[in-house]
Amino acid sequence: MTIALYPGTFDPITNGHLDIAVRASRLFEKVVIGVYDTPSKDLMFNTEERVELAELSVKSFTNIEVKPFNGLTVEFASKVGAKAIVRGLRIGADFEYEREMALMNNKLSPEIELVCLMASLKYQYLSSSRLKEVARLDGDIYDLVPEPVAKALKKKRENR
Ligand code: COA
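Here we summarise the structure given alongside this text. (Residues numbered from 1 in each chain as written. Predicted model: local features only at pLDDT ≥ 70, side-chain atom pairs only at ≥ 80, totals over all residues. Heavy atoms only, no water.)

**Observations regarding the overall build of the protein**
Counted only if it meets this: Each helix corresponds to a stretch of at least 4 residues labelled H or I by DSSP, and each strand to a stretch of at least 2 residues labelled E; elements are numbered beginning at the N terminus. To get the radius of gyration, use the C-alpha atoms; to get the globule rule, take the number of residues to the power 0.38 and multiply by 2.2 Å. Buried, partly exposed and exposed residues are distinguished by accessible area as a fraction of the type maximum, computed with a 1.4 Å probe on protein chains only: under 20%, between the cut-offs, and over 50%, respectively. Contact criterion: two residues are considered in contact whenever any of their non-hydrogen atoms come within 4.5 Å of each other. The protein chains shown are the only cover counted for residues, whose accessible areas, like all others here, come from Shrake-Rupley with a 1.4 Å probe. His is not counted here, nor are the chain ends, while Lys and Arg score as positive and Asp and Glu score as negative. Charged side chains are reduced to one point each, which is NZ for Lys, CZ for Arg, CG for Asp and CD for Glu.
Helix and strand counts for the protein stand at six helices and five strands. Shown N-terminal to C-terminal, the secondary structure of the protein runs as helices and strands in the order β-α-β-α-β-α-β-α-β-α-α. A globule of 160 residues ought to have a C-alpha radius of gyration of about 15 Å, and the protein, at 15 Å, matches this closely. Expressed as lengths along the three principal axes of its C-alpha atoms, the size of the protein is roughly 45 × 30 × 30 Å. Taking all 160 residues of the protein together, 46% fall into the buried category. A separation of at least 24 residues holds for 77% of the contacts in the protein among residues at least 6 apart in sequence. Put simply, the protein shows about 9100 Å² of open surface, and 53% of that area lies on carbon and sulfur atoms. Between the centroid of the 23 positive side chains of the protein and the centroid of its 23 negative side chains there is a distance of 1 Å.

What follows is the structure, given as structure tokens:
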């Protein structure tokens, strides 16, 4: 079975991430969304919440799974049997960032390939931080995130 790992922080998962995961699920027999447990970023959602939101968002796709992970992405890729790491490219700067990560990952595990998909035009400006900022300020984010994420963002805002 050809398996791909789609790693990220997913704080929270957005329609931009979903676009990449779903398109990858048409290329690979199975896609594992790997939710990185300990990124060096301030998080709005803890790992359990990020995993749950991703799971709810992909529940209609039978060949997409969600798992949390720690440590090196390439090690987690080997652990789940992934032959490829999938990443989305939005703007030019993403390419430079991905290129550096890919070179390091290739040094660590040359057998794992990087597959980059171009982000769809309508999500090229989207990032989780931008989304959270707009949500905090009560902006309309409903067409940018899956419904469970919109609800979770609303709840966070109300509990502040
Ligand atoms: N649509 C919408 N947003 C997108 C996107 C897309 N297609 N692609 C990326 N983004 C956003 C993300 O939401 C994120 O937003 P934020 O910074 O506001 O939170 C931003 O773009 C950066 O995304 P990404 O590059 O995927 O970073 P990440 O933090 O989500 O994931 C890891 C980075 C986890 C993959 C990387 O740090 C890693 O592999 N860590 C594990 C340790 C390791 O192996 N290190 C060595 C790597 S060489």
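There is more to say, and it comes next.
**Notes on the site of the ligand**
Defined as follows: One heavy atom within 4 Å of a molecule or strand is enough for the residue carrying it to be called near that molecule or strand. By the criterion applied in these results, polar contacts are pairs of N or O atoms within 3.5 Å in which, for protein atoms, one can donate a hydrogen and the other can accept it, and in which residues neighboring in sequence qualify only through two side-chain atoms.
The ligand sits among 22 residues. The nearest are T9, T73, R87, S128 and S129. A distance of 3.2 Å is found between a nitrogen atom of the ligand and a backbone nitrogen or oxygen belonging to L126. A distance of 2.3 Å separates an oxygen atom of the ligand from a polar atom in the side chain of S129. For the shell around the ligand, the secondary structure elements donating two or more residues are β1 (3-8), α1 (15-27), α4 (92-108) and α5 (128-136). Here the shell around the ligand takes four residues from α4, the largest share from any one element.

**Some details on the pattern of salt bridges**
Keep this limit in mind: Any Lys or Arg side-chain nitrogen found within 4 Å of a carboxyl oxygen on Asp or Glu counts as a salt bridge.
Counting across every chain of the model gives 11 salt bridges. The shortest N-O distance in the salt bridge between K67 and E65 comes to 3.4 Å. R87 is the salt-bridge partner of E98, the closest N and O atoms lying 2.9 Å from each other. Of this pair, E98 sits in helix α4 while R87 sits in strand β4 (residues 82-89), placing them 11 residues apart in sequence. Here E98 falls in the buried class, since its relative accessible area comes to 5%. R87 sits in the buried class, given a relative accessible area of 15%. Within this structure, K30, E65 and K67 form a network of salt bridges that share partners.

**Observations regarding the side chain of N15**
Following the sequence through the fold, N15 ends up in helix α1. N15 sits in the buried class, given a relative accessible area of 13%. Looking at N15, its side chain comes within polar contact range of the main-chain oxygen of D143, at 3.0 Å. When near neighbours in sequence (up to four residues on either side) are disregarded, N15 contacts Y123, L126, D143, L144, V145 and P146.

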